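# Close look at the chain arrangement
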Amino acid sequence: LQFEGYSPLTALRLHIDEVTAIDRSRWYAQRAAVRPSAKLKSTDPEASALPEPEVERILAQFAGDQQGTENTGRLFICPPGMDLEPWGATPDEMGYKESWDQLVAIILAGMGIGKGAAGITDDASYSTLFATLKQFHLLTLTPKCDRIASVLTRFLAPFFGDDLIIEIR
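Residues numbered from 1 in each chain as written. Predicted model: local features only at pLDDT ≥ 70, side-chain atom pairs only at ≥ 80, totals over all residues. Heavy atoms only, no water.

## Points about the overall build of the protein
In plain terms, the rule: Starting at the N terminus, helices and strands are each numbered in turn, a helix being any DSSP run of H or I of at least four residues and a strand any DSSP run of E of at least two. Working rule for contacts: check all heavy atoms of both residues, and any pair within 4.5 Å makes them a contact. Throughout, the Shrake-Rupley method with a 1.4 Å probe supplies accessible areas, and for residues the shown protein chains are the sole cover considered.
Of regular secondary structure, the protein possesses 6 helices and 2 strands. Mapped from its N terminus to its C terminus, the protein presents α and β elements in the order α-α-β-α-β-α-α-α. When contacts within the protein are restricted to residue pairs at least 6 apart in sequence, those whose partners lie at least 24 apart make up 65%. A total of about 12900 Å² of accessible surface is found on the protein, and carbon and sulfur atoms cover 60% of it.

## Concerning helix 3 (residues 52-66)
Put simply, the rule reads: Under the convention used throughout, the expected extent of a helix is 1.5 Å for every residue step, that is, one less than its residue count. For every residue, the accessible area obtained with a 1.4 Å probe (protein chains only) is divided by the maximum for its type, and the residue is called buried under 20%, exposed over 50%, and partly exposed between those limits. Here the arc refers to the set of directions running from the helix axis out to each C-beta atom.
Here helix 3 contains 15 residues, and its C-alpha end-to-end distance of 21 Å stays within 8% of the 21 Å for a straight helix at 1.5 Å per residue. By the burial criterion, the buried members of helix 3 are Ile 58, Phe 62 and Gln 66. One side of helix 3 holds all its buried residues, which, seen down the axis, span an arc of 35°. Those residues of helix 3 that are exposed and angled more than 90 degrees off the buried face are Glu 52, Pro 53 and Ala 60. Note on helix 3: the residue one or two positions beyond its end, Gly 68, has a positive phi of about 100°.

## Details of the environment of Val 19
As for its position among the elements, Val 19 is in helix 2 (residues 13-32). Residue classification places Val 19 among the buried positions, given a relative accessible area of 13%. The spatial distance from the C-alpha of Val 19 to the C-alpha of Gln 102 is 9.8 Å, given a sequence separation of 83 residues. Among all residues touching Val 19, those that are not within four sequence positions of it are Trp 100, Leu 103 and Ile 107.

## With respect to the environment of Gly 114
By the secondary structure assignment, Gly 114 is in the loop between helix 4 (96-111) and helix 5 (115-118). Since its relative accessible area comes to 30%, Gly 114 is described here as partly exposed. Expressed as a C-alpha distance, the spacing of Gly 114 and Gln 135, which sit 21 residues apart in the sequence, is 8.5 Å.

## Some details on the environment of Phe 136
Mapped onto the fold, Phe 136 is located in helix 6 (residues 126-156). Distance in space between the C-alpha atoms of Phe 136 and Gly 114 is 7.1 Å, their sequence separation being 22 residues. For Phe 136, the residues in contact, after removing those within four places along its chain, are Gly 112, Ile 113, Ala 117 and Leu 141.

## Focus on a nonpolar patch on the surface
The cut-off we apply is this: Patch definition: residues above 30% relative accessible area lacking any salt bridge, with like charges linked at up to 9 Å and the nonpolar side chains Val, Leu, Ile, Met, Phe, Trp and Tyr linked at up to 5 Å. Every case where a carboxyl oxygen of Asp or Glu lies within 4 Å of a side-chain nitrogen of Lys or Arg is listed as a salt bridge.
A cluster of nonpolar side chains, contributed by Ile 148, Val 151, Leu 152, Phe 155, Leu 156, Phe 159, Phe 160, Leu 164 and Ile 168, occupies part of the molecular surface with about 890 Å² of accessible area. Within the secondary structure layout, Ile 168 lies in the segment after helix 6. On the basis of relative accessible area, Ile 168 is assigned to the partly exposed category, the value being 31%.

It is worth stressing that arrangement in space is one thing and function is another; only the former is reported here.
Put into structure tokens, the structure is as follows:
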């Protein structure tokens, strides 16, 4: 019903925010993350802590050589008696791909657009595309155009004559 419920943008605001957050997360993970995300630990149980200047030197080398998208997957050679251990979740472990597909499908469905009509489907046969576009036209586009035309008819048509009806095709 037109007078009940949310508009598509209001109803989908959290899902749109999720897609935006995933997109930003991907961007910042690629732009500023340390690759590999890891911690350097001593393999010698009796080794004393490294002196502060040595820690600073290793940190500067690690940040300079490993940080940023242009250094993704670059080789890191550990100092003697140290081991590099992965730390933190990677985008693959966070399920970005699965969640992205789900959220895009939810947002498109909320807007009344099928994946085929938006050109995001792998099934590219003519019959599927035609059926998707026909469905989009009949279930989404025509009702919205009829609503806009009825509002325009109510407010504009009386100024131009009696019994005028505005239609949008």
